[in-house]
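Descriptive structure summary
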Amino acid sequence: MGIEFARSARSTIGIEWEIALVDRSTGDLVCIADEVLEALRGPDGSPHPHITGELLLNTVELVSGVHTTVAGAVADVYGQVDEVRAITDPRGVDLICSGSHPFGQWFDQEVTNKERYHKLIDRTQWWGRNMMIWGIHVHVGIEDREKVIPILNGLLGYLPHLQALSASSPFWAGVETGYASNRAQMFQQLPTAGLPWILEDWASWERYVEDMTRTGIIDDMTEVRWDIRPSARWGTIEIRACDGVSTATELGAIAALIQCLVEWMSTELDAGRPVPSMQPWFVRENKWRASRYGLDAEIILDSSGAERLVTDDVRRLIGVLSPTAERLGCLTELLQLNGILDAGASYQRQLRVAAANGGSLPAVVAALSAELRGGALPV
């Protein structure tokens, strides 16, 4: 099976931001995405070009255009938040984004009426109905498809950094899970989700897709829901491992880290140097550590098994990648990673809010809503 890889300008960036709809008075999820999307139709009845639905009717997804800078992509999707809010505010509905809703229950949620979603639920049953999860997806343009797999394999070494920085799902269905990112554990229960298989080259990816299609496991490539995957339609690598984040500051910082890592690896390949990768068992362990401990995780750094606190390695990466960020025009956003380390990731902030309010999870939802409305990390 030959898979064409679309032409894409190098290191261009696009962002997808999944937003949950909640009742302003109770904080509970509300299933009115179909109403919101209908209200967002153009004068000619056409759907909004960038705001779409998702698996559940409690969610809308904001999709940026293709941008050369992180700032442009963030401004794009944050502007779409205002468009959605113009519809939801009069309805008494607030917007939040986190990896999970603190107390929502799966049996109260409605599935969007699309064949692909009904098929997913029919196949995955209880696990599929429990996919009350929200994330951010970042696309980075790759100008040569032969670079895709080496960069994908290299990025696996940085998944714990991204997962720890974005971790925002410490609660699940009203329970404090003890995990910084319970979403990471839940999402990988779907049959084609989780960590990618280690592939050697583009031909290996083509063989994988052919095997999966021939046996009826998938109908098309979009049903491969890996934490990082090639996106041939757009000519990008798509990083999907991150929990949802509730501020434009976090969104920009994490997107900048991703864009800089991809560009740095692309430059290494141009110079004829291999991109380092790690044993898959180390990659898997790192994912678990970041999911469990978040910014307190001690992660494995390389194939020799060296270890370091993830926060220390994030600070090291800021220094290493700053020249790349300057070249890409995202140094301001990359430096905002320090703000996440100082203020705490979302899971830490949520736990603090709950503790300060006698364990109230509606208070956590209200705090998430205020963060999204304000757009900046709390001081």
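The following refers to the structure shown. (Residues numbered from 1 in each chain as written. Predicted model: local features only at pLDDT ≥ 70, side-chain atom pairs only at ≥ 80, totals over all residues. Heavy atoms only, no water.)

**What about the overall build of the chain?**
When helices and strands are counted, the chain shows 14 helices and 13 strands. The C-alpha atoms of the chain give 20 Å as radius of gyration, which agrees with the globular expectation for 379 residues (21 Å, within 12%). Taken over the C-alpha atoms alone, the chain extends approximately 55 × 45 × 40 Å along its principal axes. Sorting the 379 residues of the chain into buried and exposed places 58% on the buried side. (Helix = DSSP H or I, 4+ residues; strand = E, 2+ residues; numbered from the N terminus. Rg over C-alpha atoms; globule rule 2.2 N^0.38 Å. Buried < 20%, exposed > 50% of the residue type's maximum accessible area, 1.4 Å probe, protein only.)

**A short note on the side chain of Thr 192**
When you line up the elements, Thr 192 lands in the loop between α6 (182-187) and β8 (193-194). From its side chain, Thr 192 meets the backbone oxygen of Glu 223 in a polar contact 2.4 Å long. When residues no more than four places from it in sequence are discounted, the contact partners of Thr 192 are Met 212, Ile 217, Ile 218, Glu 223, Val 224, Arg 225 and Trp 226. (Polar contact = N/O pair within 3.5 Å; in protein donor to acceptor, adjacent residues only side chain to side chain. Contact = heavy atoms within 4.5 Å.)

**Quick look at unusual backbone geometry**
Despite not being glycine, Gln 125 has its phi angle at roughly 55°, a positive value. Mapped onto the elements, Gln 125 comes out in helix α3 (residues 115-129). Backbone geometry at Ala 173 places phi at a positive 55°, although glycine is not the residue there. Inspection of the secondary structure puts Ala 173 in the loop between β6 (171-172) and β7 (175-176).

**Looking at the nonpolar core**
Membership of the largest hydrophobic core comes to 98 residues, with the highest contact counts inside it found for Trp 17 and Trp 205. In terms of residue count, the dominant contributor to this core is helix α8 (residues 248-270) (12 residues). If we skip the residues at most four places from it in the chain, Trp 17 touches Val 60, Glu 61, Leu 62, Val 77, Tyr 78, Val 81, Cys 97, Gly 135, Ile 136, Val 245, Leu 251 and Leu 372. (Core = buried A, V, L, I, M, F, W, Y, C linked by side-chain atoms within 4.5 Å.)

**Let's talk about helix α4 (residues 148-155)**
With 7 of its 8 residues buried, α4 lies for the most part within the structure. Along α4, the residues that are buried comprise Val 148, Ile 149, Ile 151, Leu 152, Asn 153, Gly 154 and Leu 155. Looking at the buried side of α4, the elements it contacts are α5 (159-166), α7 (202-214), β10 (228-231), β11 (236-239) and α8.

**What about the pattern of salt bridges?**
According to the stated counting rule, one finds 28 salt bridges in the structure shown. Close ionic contact of Glu 35 with Arg 91 constitutes a salt bridge, the shortest N to O distance being 3.6 Å. You can see Glu 35 sitting in helix α1 (residues 33-39) and its partner Arg 91 sitting in the loop between α2 (70-88) and β4 (93-96), a full 56 residues away along the chain. Note on Arg 91: relative accessible area 41%, which makes it partly exposed. (Salt bridge = Lys/Arg side-chain N within 4 Å of Asp/Glu carboxyl O.)

**What to know about the environment of Leu 372**
Structurally, Leu 372 can be placed in helix α14 (residues 361-374). Placed 360 residues apart in sequence, Leu 372 and Thr 12 show a C-alpha to C-alpha distance of 25 Å. The residues touching Leu 372, leaving out its near neighbours within four places in the chain, are Trp 17, Ile 19, Tyr 78, Arg 85, Leu 95, Ile 96, Cys 97 and Ser 246.

**A look at the packing of aromatic side chains**
The final tally for this structure, using the stated rule, is 9 aromatic pairs. The structure contains a cluster of three or more aromatic residues connected by ring pairs, namely Tyr 179, Trp 288 and Tyr 293. Here the basic side chain of Arg 292 rests over the ring of Tyr 179, its NZ or CZ set 6.0 Å away from the ring centre. (Phe/Tyr/Trp six-rings, centres within 6.5 Å; stacked < 30°, edge-to-face > 60°. Lys NZ or Arg CZ within 6 Å of the ring centre and 35° of its normal.)

**As for the environment of Gln 109**
Secondary-structure assignment places Gln 109 in the loop between β4 and α3. Residue Gln 109 is classed as buried on the basis of its relative accessible area of 6%. Sequence separation between Gln 109 and His 48 is 61 residues, and the spatial gap between their C-alpha atoms is 24 Å. Setting aside anything within four residues of it in sequence, one finds Gln 109 in contact with Leu 29, Cys 31, Leu 56, Asn 58, Arg 129 and Met 132. Of note is the side chain of Gln 109, whose polar atom sits 2.9 Å from the backbone oxygen of Gln 105.

**Things to note about the environment of Thr 52**
By the secondary structure assignment, Thr 52 is in strand β2 (residues 51-53). By relative accessible area, Thr 52 is classed as partly exposed at 30%. Taking C-alpha positions, Thr 52 is 8.8 Å from Ala 33, a pair spaced 19 residues apart along the chain.

**Looking at α2**
Spanning 19 residues, α2 covers 27 Å between terminal C-alpha atoms, matching the ideal 27 Å at 1.5 Å per step. Buried within α2 we find Val 70, Ala 73, Val 74, Val 77, Tyr 78, Gln 80, Val 81, Val 84, Arg 85, Ile 87 and Thr 88. Here the buried residues of α2 occupy an arc of 150° about the axis, which is enough to place them on one side. Away from the buried face of α2 by more than 90 degrees, exposed residues Ala 75 and Ala 86 are located. (Expected span 1.5 Å × (residues − 1). Arc of directions from axis to C-beta.)

Worth remembering: the numbers are spatial, not functional.
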